[in-house]
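# Overview (structure and organization)
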Amino acid sequence: MKKIRLLTLFFVVLCLTVQSQDMIRQKYYTPHDEKALNTGWEFSCDGIHWQQVDIPHDWAISGPFDKKWDLQVTAIKENGEEVATEHSGRSGALPWIGKGSYRRTFTLPSGMQHVELVFDGAMADPHVYVNGQLAGHWAYGYNAFYLDITPYLKLDGTNELRVDLENLEESNRWYPGAGIYRPVKLVYSSSRTHLKLWGLAVSTVSLDDERAILDIRHQMEGQHANESYLLNIVVRDNKGNTVASTKTPADGMGQFHARLMVRHPQAWSPESPTLYEVTTTLLPASEKTIFDEQSTKCGIRTISVSREHGFQLNGVSRKFKGVCLHHDLGPLGAAVNKAALIRQIRLLKEMGADAIRTSHNMPSELQMEICDSMGMMVMAESFDAWSDPKVKNGYNRLWNEWWQLDITNLIEHHRNHPSIVMWSVGNEIPEQWKPEGAERYKKLIALCHELDPSRPVTCGMDQPDADLASGFAQVADVPGYNYRVKRYEETYPKLPQGFLLGSETASTVSTRGHYYFPDECGENKEWPDGQCSGYDTECCWWSNLPDDDWHMQDDMPWTIGEFVWTGFDYLGEPTPYDKYWPSRSSYFGILDLAGLPKDRYWLYRSHWNTQEHTIHLLPHWTWPGREGKVTPVYCYTDYPSAELFINGKSQGRITKDATTRLDRYRLRWRNVKYEPGEVRVVVYDAQGAKAGEKVMRTAGKPHHLVLEADRSTIHADGNDLSFVTVSLVDKNGTLCPDASNQLEFSVKGAGSYKAACNGDATSLEPFTQPRMKLFHGQLVVVLQAGNKKGAATLTVRDRKTGLKQSVNITVE
């Protein structure tokens, strides 16, 4: 009874506190607001000729592709090269090098006393001018930053904003993009006394079914020495109900600290990504007015790593099923887009992935918000190099002056995202083999822990012997190895941490719908047409096949998961065709550059997705001229055994074999001879009962186009996108796998054509022109919403054959 009375009293006080703040807000509230600056910009490459653009904007993505852009004559040490040779597509073969400027004007509401300008990312070295005066700059193009522009403003007039950028040649190992490629906003208040932007830090101290203890810290700025301040903190659940509240005074440094209890918390996880909202209100001790207020989404969850339990989320051990992602969005370039990011995360989650690594740079705010809300754990990375260079004009130029500033911005900006479970401070750092490299690593870890004691720190290593000899590996909270899976067992006993992460794995290369015979495993294979085999049997000299990683992850309890290189193909780094033109994008992706799944997608799905069954056959069954020739058939499935039939004739029933490299996770009939017709596989469960089947057929003549939109309704905000997959099929709906028809695109109504991509790493067709060839019978067209509601109609036409098809997208 006493417990019930105490709980009742707690909730009464809680409601009165919130009511009191609402009354103050209604009577005295001082405006604090944000204004997006994503429209109304002009862009110029020469400062003379200007064009209207919206941001995010990538000035290079329209091309043209040309091998002269960032043509590098170098020996790529990461690829084991010792002699300098020409590399034409290393950074995407797009015109991202050089200078560019953006300008626009803006006004402010009357009475504003403090104004900050926030950039989520600008490539590169942005110098920001307000009314002709340099307000500040940030050297690293991958990082977010903000500037106090109050001293440069006309508070009651029109202000001029200009941003100058410059990208140097040989500054990246992949396509970086160019321009203001992430959002920009103004944050303003009518009080000079305010809460620090990115000053809030929320972490979960303890968690069980009954309660969670949250640790909340904040920082104010612009305080007066003779005045006292309070911070009112309110925590609300995802339905808007207040679940915790308190007030805490500022210390002498303007810092606030409090701990709150949330009863019956809903823990955040990839399977249940529940979010809470923390509202912090800055008050004078008298509580008669409000200086500032911020609201931030967060999650309640705990993370830990240990020898005994490996990686734990909310007290439960689990292994990462992760992928690495570069920041470009294929045909959209580096310009960030919410719909494109949601599509990426959705496809990865459907495959069974539960984590991403933001390789090898800071993530965008949008990407982290989406990972929070959709449930995707994140290893947030920072640098590809430190003081020692990988490329001539890389981060090594900035290291001494900027590393602390960049790490500080990364963590302060993103530390309240529950999706982020680990910080990564580097990738295959050249100085990992030197004692000074270990010392730099120690300093980085110490800074990360100072800014965020709640998360572990890692760095992708790739030299096991040298890392241990220099002390580099022993420093890490989480020892992460890139590849070197064959050396896990000899390296693990030497690691004091007692566990090991595959921080970058596989690097299998493949092309969607493309196959070579025989289906042999091989390293660094190169073919005359610049493609890789869809049989998923090819990798690089330093890397391996997915099956090799799974042997370690499944059998060794001291492994804590993996991050596959990569989830999607990306622009630049066209290994193994670094010296082959016109190859200009990667082959590593589980999905291609258009976001279409390769066969490997279904291999990973069969192993990672434990909620849905997978039955996938490869290759396609349209091989004119191969009649009577051996054409191996693979089945990717979570079931242990299957029987294959070609035109009704059994090719044998086989079972996965844990004693062989590939047959533990794949079912393979390697002696099948091709004959046109029907391929059918029947799968059986562990008890030997029939569990399902899959059929594929030989395609006839091309008959019609099929258009499938990932979303049939999009928002009328000028930014939302629908990704439409275009397929050429025969009269029965079977994909014509070798179709390369030239198609044209047009959009009428409430939308516009944005881009197209067919996933061919050797195609030089510009993404932003409304025409493109099919690649293995498919491509993707991106339709962009306008600002008015209505219907948008995409029409796809093949003028040569007369084929034509349309799809309607609702814009609301």
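Whatever comes next refers back to the structure up there.
Residues numbered from 1 in each chain as written. Predicted model: local features only at pLDDT ≥ 70, side-chain atom pairs only at ≥ 80, totals over all residues. Heavy atoms only, no water.

### Observations concerning the overall build of the chain
Regarding its fold elements, the chain presents 10 helices and 50 strands. Compactness check: the chain gives a C-alpha radius of gyration of 28 Å against a globular reference of 28 Å for 812 residues, within 12% of the reference. Summarising its shape, the C-alpha atoms of the chain cover approximately 90 × 65 × 55 Å along the three principal directions. When the 812 residues of the chain are sorted by exposure, 60% land in the buried category. Counted over contacts in the chain with a minimum sequence separation of 6, partners at least 24 positions apart contribute 69%. Only carbon and sulfur atoms are counted for the fraction: they give 49% of the accessible area of the chain, which is about 31,700 Å². Side-chain charges of the chain comprise 87 positive and 101 negative groups, with the mean position of each set lying 4 Å from the other. (Helix = DSSP H or I, 4+ residues; strand = E, 2+ residues; numbered from the N terminus. Rg over C-alpha atoms; globule rule 2.2 N^0.38 Å. Buried < 20%, exposed > 50% of the residue type's maximum accessible area, 1.4 Å probe, protein only. Contact = heavy atoms within 4.5 Å. Areas by Shrake-Rupley, 256 points an atom, 1.4 Å probe, with all protein chains shown as cover. Lys, Arg positive; Asp, Glu negative; His and termini not counted. Charge placed at Lys NZ, Arg CZ, Asp CG, Glu CD.)

### Focus on the sheet that holds strand β35 (residues 615-618)
Sheet strands pair via backbone hydrogen bonds, and the direction of the pair is either parallel or antiparallel. Ordered by their spatial adjacency, three strands build an open sheet running β35-β36-β39, and the pairing between neighbours is antiparallel. With one partner strand each, in any of the chains shown, β35 and β39 (667-669) form the two edges of the open sheet. Strand-to-strand twist across the sheet, computed as the mean angle between neighbouring axes with direction ignored, equals 15 degrees. Here strand β36 (residues 633-637) pairs with β39 via three bridges, running antiparallel. (Pairing = 2+ DSSP bridges. Axes fitted to C-alpha atoms, helices over the stretch in contact; angles between N-to-C directions.)

### Focus: helix α10 (residues 599-608)
For α10, the buried fraction is high: eight of the 10 residues fall into the buried class. Three or more residues of α10 are buried, namely Asp 599, Arg 600, Tyr 601, Leu 603, Tyr 604, Arg 605, Ser 606 and Trp 608.

### What to know about the pattern of salt bridges
Close approach of charged atoms lets side chains of opposite charge pair. Considering all chains together, one arrives at 39 salt bridges under this definition. Between Arg 217 and Asp 215 there is a salt bridge, and its shortest N-O distance comes to 3.0 Å. Classification of Arg 217 by relative accessible area gives partly exposed; the value is 41%. In this structure, Arg 605 and Glu 612 form a salt bridge, with 3.3 Å as the shortest nitrogen-oxygen distance. Residue classification places Arg 605 among the buried positions, given a relative accessible area of 11%. Note on Glu 612: relative accessible area 42%, which makes it partly exposed. A cluster of three or more residues bridged by salt bridges with shared partners is formed by Arg 173, Asp 384, Lys 390 and Glu 573. (Salt bridge = Lys/Arg side-chain N within 4 Å of Asp/Glu carboxyl O.)

### Focus on the side chain of Arg 173
Within the secondary structure, Arg 173 sits in the loop between β11 (159-167) and β12 (184-189). Given a relative accessible area of 6%, Arg 173 falls into the buried group. A polar contact of 2.7 Å, which involves the side chain of Arg 173, links it to the side chain of Asp 384. Within the local environment of Arg 173, its side chain forms a polar contact with the side chain of Glu 573, the two groups lying 3.3 Å apart. (Polar contact = N/O pair within 3.5 Å; in protein donor to acceptor, adjacent residues only side chain to side chain.)

### Here's the deal with the side chain of Ser 533
Along the chain, Ser 533 turns up in the loop between β32 (522-523) and β33 (538-539). Here Ser 533 falls in the buried class, since its relative accessible area comes to 2%. Within polar-contact distance, the side chain of Ser 533 engages the backbone nitrogen of Tyr 535 at 3.2 Å.

### Let's talk about the packing of aromatic side chains
Aromatic ring pairs are described here by two measures, namely the spacing of the ring centres and the angle between the planes. Evaluated as defined, the whole model comprises 41 aromatic pairs. The rings of Tyr 140, Tyr 142, Phe 383, Trp 386, Tyr 395, Trp 399, Trp 403, Tyr 441 and Phe 472 are connected pair by pair, giving a single aromatic cluster. Between Lys 68 and the ring centre of Trp 69, over which it is positioned, the NZ or CZ distance is 4.8 Å. Cation over ring: Arg 103 sits above Trp 50, and NZ or CZ is 3.8 Å from the ring centre. (Phe/Tyr/Trp six-rings, centres within 6.5 Å; stacked < 30°, edge-to-face > 60°. Lys NZ or Arg CZ within 6 Å of the ring centre and 35° of its normal.)

### A short note on the packing of helix α9 (residues 546-555) against α10
Relative orientation of the contacting elements α9 and α10 amounts to 15 degrees, with a least axis distance of 12 Å. Relative to α10, the element α9 lies roughly parallel. Our pair here, α9 against α10, has a crossing hand that is right-handed. Contacts between α9 and α10 involve Pro 546, Trp 550 and Asp 554 on the former and, on the latter, Arg 600, Leu 603, Tyr 604, His 607 and Trp 608. Each residue belonging to the contact of α9 with α10 can be placed in one class, and the counts come to five nonpolar, one polar and two charged. (Parallel < 35°, antiparallel > 145°, perpendicular 65-115°, else oblique. Left-handed = near helix turned anticlockwise from the far one by under 90°. Nonpolar A, V, L, I, M, F, W, Y, C, P; charged D, E, K, R; others polar.)

### Comments concerning the pairing of strand β2 (residues 41-44)
Looking down a regular strand, the side chains alternate between one sheet face and the other. Relative to strand β3 (residues 51-53), β2 is paired through three bridges, and the arrangement is antiparallel. Counted as the bridge partner of Phe 43 is Gln 51 from β3. Here β2 folds back onto β3, and the loop between the two strands holds six residues, one of which, Gly 47, carries a positive phi near 75 degrees. Across three bridges, β2 lies against strand β6 (residues 98-106) in antiparallel orientation.

### Considerations on the environment of Met 123
By the secondary structure assignment, Met 123 is in the loop between β7 (114-119) and β8 (127-130). A relative accessible area of 3% places Met 123 in the buried class. In sequence terms Met 123 and Asp 58 are 65 residues apart; their C-alpha atoms lie 8.9 Å from each other. Residues in contact with Met 123, not counting those within four places in the same chain, are Trp 59, Gly 141, Tyr 142, Leu 165, Asn 167, Pro 176, Gly 177, Ala 178, Gly 179 and Tyr 181.

### As for the packing of helix α4 (residues 399-414) against helix α5 (residues 435-451)
The N-to-C vectors of α4 and α5 enclose an angle of 35 degrees; their axes lie 9 Å apart at closest approach. As for the relative orientation of α4 and α5, their crossing is right-handed in sense. Side by side, α4 and α5 meet where Trp 399, Trp 403, Gln 404, Ile 407, Thr 408, Ile 411 and Glu 412 of the first sit next to Arg 440, Lys 443, Leu 444, Leu 447, Cys 448 and Leu 451 of the second. By residue class, the composition of the contact of α4 with α5 is eight nonpolar, two polar and three charged.

### Topic: helix α2 (residues 338-351)
In this model α2 runs 20 Å from its N-terminal to its C-terminal C-alpha over 14 residues, within 8% of the 20 Å that 1.5 Å per residue would give. Burial in α2 covers these residues: Ala 339, Ala 340, Leu 341, Arg 343, Gln 344, Ile 345, Leu 347, Leu 348 and Met 351. Tucked into the core, α2 has its buried residues touching β24 (320-324), β25 (355-357), α3 (365-374), α10, β44 (721-729) and β48 (778-785). The opening residue of α2 is Asn 337, an N-cap whose side-chain oxygen sits 3.0 Å from the backbone nitrogen of Ala 339. A positive backbone phi angle near 110 degrees is found at Gly 352, which sits one or two residues after α2. (Expected span 1.5 Å × (residues − 1).)

### Let's talk about the pairing of β44
Most of β44 is tucked away: nine of the nine residues are buried. Burial along β44 is two-sided: the residues Leu 721, Phe 723, Thr 725, Ser 727 and Val 729 and Ser 722, Val 724, Val 726 and Leu 728 are all buried. The sheet contact formed by strand β42 (residues 704-709) and β44 spans six bridges and is antiparallel. Across the sheet, Ala 709 pairs through a bridge with Val 724, a residue of β44.

### Here's the deal with the sheet that holds strand β20 (residues 292-298)
Taken in spatial order, the four strands line up as β17-β16-β19-β20 in an open sheet, and their pairing is antiparallel. In the strand order of this sheet, the two ends are held by β17 (242-249) and β20, each with one partner. Neighbour to neighbour, the strand axes of the sheet diverge by 15 degrees on average, direction disregarded. Bridge analysis of strand β16 (residues 229-236) against β17 gives seven bridges, and the strand direction is antiparallel. Bridge pairing in β17 links Arg 236 to Thr 242.

### Examining the environment of Cys 540
Structurally, Cys 540 can be placed in the loop between β33 and α9. According to the relative accessible area criterion, Cys 540 is buried, its value standing at 0%. The spatial distance from the C-alpha of Cys 540 to the C-alpha of Ala 476 is 27 Å, given a sequence separation of 64 residues. Apart from residues lying up to four places away in sequence, Cys 540 is in contact with Ser 507, Val 509, Glu 523, Asn 524, Thr 575 and Phe 588.

Note that all results are geometric; they support no functional claim without further evidence.
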